[in-house]
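Close look at the chain arrangement
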Amino acid sequence: MLSQVILSLQLPFAVIRLVIFTSKRRFMGEFVNPLWLKSLAWEVASVIVGLNVWLLLQSLVNLSHSDCQSAAS
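This section reports on the structure supplied with the text. (Residues numbered from 1 in each chain as written. Predicted model: local features only at pLDDT ≥ 70, side-chain atom pairs only at ≥ 80, totals over all residues. Heavy atoms only, no water.)

So, the overall build of the chain
- Within the chain one finds three helices and zero strands.
- Start at the N end of the chain and walk to the C end: the helices and strands fall as α-α-α.
- On C-alpha atoms alone, the chain measures out to a radius of gyration of 18 Å, which is more than a quarter above the 11 Å that the 2.2 N^0.38 rule sets for 73 residues.
- If you line up the chain on its principal axes, its C-alpha atoms span 65 × 20 × 10 Å.
- For the chain, with 73 residues in total, the buried portion stands at 18%. (Helix = DSSP H or I, 4+ residues; strand = E, 2+ residues; numbered from the N terminus. Rg over C-alpha atoms; globule rule 2.2 N^0.38 Å. Buried < 20%, exposed > 50% of the residue type's maximum accessible area, 1.4 Å probe, protein only.)

The structure is reproduced here in structure tokens:
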């Protein structure tokens with residue numbers, strides 16, 4: 001489970017850099033993202049980051065609960 005959390009935390013780094021790269025006319029030329037797509041991409045990236053923060057917090061809480069239960073046994 002913890003390995004999945006770590007892998008999912010890497011996703012925002014790729015998504016954010018991809019949005020930045022594809023939004024620059026210098027790199028993309030005529031294929032640059034239009035404004036509506038930039039807005040949508042940043043919203044999706046924000047949701048991914050938010051879900052990753054929630055997943056990390058849930059994993060840490062579950063990890064601490066399992067440590068407390070094993071210490072009490």
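Now that the structure has been shown, the text picks up again.
A word on the side chain of N52
- Looking at the element boundaries, N52 is found in helix α3 (residues 35-72).
- Those residues within four positions of N52 in sequence are excluded, and the remaining contacts are S8, L9 and P12. (Contact = heavy atoms within 4.5 Å.)

Quick word on the side chain of T22
- With respect to the helices, strands and loops of the structure, T22 is situated in helix α1 (residues 2-22).
- Contact partners of T22, with chain neighbours within four places excluded, come to M28, V32 and N33.

Side note on the packing of aromatic side chains
- Counting across every chain of the model gives one aromatic pair.
- Seen from their ring centres, F21 and F27 are 5.1 Å apart, and the 20° between their planes marks the pair as stacked. (Phe/Tyr/Trp six-rings, centres within 6.5 Å; stacked < 30°, edge-to-face > 60°.)

With respect to α1
- Here α1 is 21 residues long and its end C-alpha atoms lie 32 Å apart, about the 30 Å a rise of 1.5 Å per residue gives.
- Turning to α1, its buried residues are V5, S8, P12, V15, V19 and T22. Buried residues of α1 fall within an arc of 125° about the axis and therefore sit on the same side. Exposed side chains of α1 directed beyond 90 degrees from the buried face belong to L7, F13 and R17. (Expected span 1.5 Å × (residues − 1). Arc of directions from axis to C-beta.)

Interpretation note: all reported values are geometric properties and have no functional meaning in isolation.
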